[in-house]
Amino acid sequence: MKEKFEILGNYIKDLSSETPDIETFLYVRDRISKYQLDIDINSKAIKNKMIEINTKFKFEEKEKVKKKSYFEIIYSTIIKINEQVIDKKELEKIILCDVQTEIYPKLEEALLNVLKVSGYPNIKFEKKVNFEELYSQRMN
């Protein structure tokens, strides 16, 4: 897996934690277990077989409620693809699965830290994201 690409660097590109007022904070504190994690991944070629991959985690309430908080982190990863990788399907798997699996622990930790310092210290993601499984589902 790693021989197909090399991570040249990664960083938090954008970060947002929005709770508009104390009433919303108190309301969300009691309902945060209903919040869900959404993941969006996009990429763009840079040059010399380098690719910028932006992984967005949004943690938000899906129900239509007036009082809600919003949490989002965009994590940017720059990779260099090995010269032998020429197949588009192989490249897609690297971007959507292999790189994500490698960066996930850092990204999850960063989002949990944002939630903790935003006043929600007891949040844990019970289920880890399985990018292999998500990629397989996407292919079927």
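Everything quoted here is computed from the prediction, not taken from an experiment.

Glancing now at the nonpolar core. If you look at the biggest cluster of nonpolar residues, it comprises 32 residues, and the most contacted ones within it are Ile32, Phe59, Phe71, Ile79, Leu111 and Leu115. Contributions of two or more residues to this core are made by α1 (22-31), β3 (50-60), β4 (70-81), α2 (88-117) and α3 (131-139). In this view, Phe71 contacts Ser16, Ser17, Thr19, Ile32, Tyr35, Phe57, Lys58, Phe59, Leu111, Leu115, Ser118 and Tyr120; residues no more than four positions away in its chain are not counted.

Glancing now at α1. The α-helix winds at 3.6 residues per turn, so residues separated by three or four positions along the chain end up facing the same way. Within the sequence span of α1, burial applies to Thr24, Phe25, Val28 and Arg31. Across the axial projection of α1, the buried residues extend over an arc of 135°, all falling on one side. Turned more than 90 degrees off the buried face of α1, the exposed positions are Ile22 and Asp30.

This part is about the environment of Glu3. For Glu3, the position within the fold is in the segment before β1 (5-18). When its relative accessible area of 56% is taken as the criterion, Glu3 is described as exposed.

Position of Glu108 among the secondary structure elements: in helix α2. A distance of 3.0 Å separates polar atoms of two side chains, one belonging to Glu108 and the other to Lys128. Aside from chain neighbours lying at most four places away, what touches Glu108 is Phe57, Phe125 and Lys128.

The strand order across the open sheet formed by four strands is β1-β4-β3-β2, and the pairing between neighbours is antiparallel. This sheet does not close on itself; its edge strands, each paired only once, are β1 and β2 (36-45). With strand direction ignored, the average angle separating the axes of adjacent strands in the sheet is 15°.

Moving on, we come to the confidence of the model for the chain. Model confidence for the chain is summarised by a mean pLDDT of 90, while 98% of its residues fall at 70 or above. Of all helices and strands in the chain, the one with the weakest mean pLDDT is α3 (81), whereas β4 scores best (96).

What follows covers the pattern of salt bridges. The full count for this structure, using the stated rule, is eleven salt bridges. Of the charged contacts, one joins Lys4 and Glu90 as a salt bridge, the two residues approaching to 3.1 Å between their closest N and O atoms. Placement of the pair is Lys4 in the segment before β1 and Glu90 in helix α2, with a sequence separation of 86 residues. Lys4 gets classed as partly exposed once you look at its relative accessible area, which sits at 30%. Residue Glu90 is classed as partly exposed on the basis of its relative accessible area of 24%. Here Lys58 and Glu60 are joined by a salt bridge, their closest N and O atoms 3.6 Å apart.

The rules we used
- Within every chain, residues take consecutive numbers counted from 1 along the sequence as written.
- Two thresholds apply to this predicted model, a pLDDT of at least 70 for residue-level local features and 80 or more for giving and counting side-chain atom pairs, whereas whole-chain, interface and lining totals are computed over all residues.
- Derived side-chain values reflect all non-hydrogen atoms in the structure, with water molecules and hydrogen atoms excluded from consideration.
- Definition of nonpolar core: a set of buried residues of the types Ala, Val, Leu, Ile, Met, Phe, Trp, Tyr and Cys, connected through side-chain atoms within 4.5 Å.
- Burial here depends on accessible area, computed with a 1.4 Å probe over protein chains only, as a share of the maximum for the residue type. Under 20% is buried, over 50% is exposed, and the range in between is partly exposed.
- Secondary structure counts use DSSP, requiring at least four H or I residues in a row for a helix and at least two E residues in a row for a strand, with both numbered from the N terminus.
- A contact between two residues is defined here by any heavy atoms of the two lying within 4.5 Å.
- Taken from the helix axis, the directions to the C-beta atoms give the arc we talk about.
- Here a polar contact is recorded for every N or O atom pair within 3.5 Å, except that within protein the pair must consist of a potential hydrogen donor and a potential acceptor, and residues adjacent in sequence are included only if both atoms are side-chain atoms.
- Any two strands between which DSSP finds at least two bridges are classified as paired.
- Angles here are taken between N-to-C directions and fall from 0 to 180 degrees, while the axes themselves are lines fitted to C-alpha atoms, restricted in helices to the stretch in contact.
- Each residue carries a pLDDT score, the predictor's confidence in it, ranging from 0 to 100.
- Think of a salt bridge as a Lys or Arg side-chain nitrogen and an Asp or Glu carboxyl oxygen that are within 4 Å of each other.

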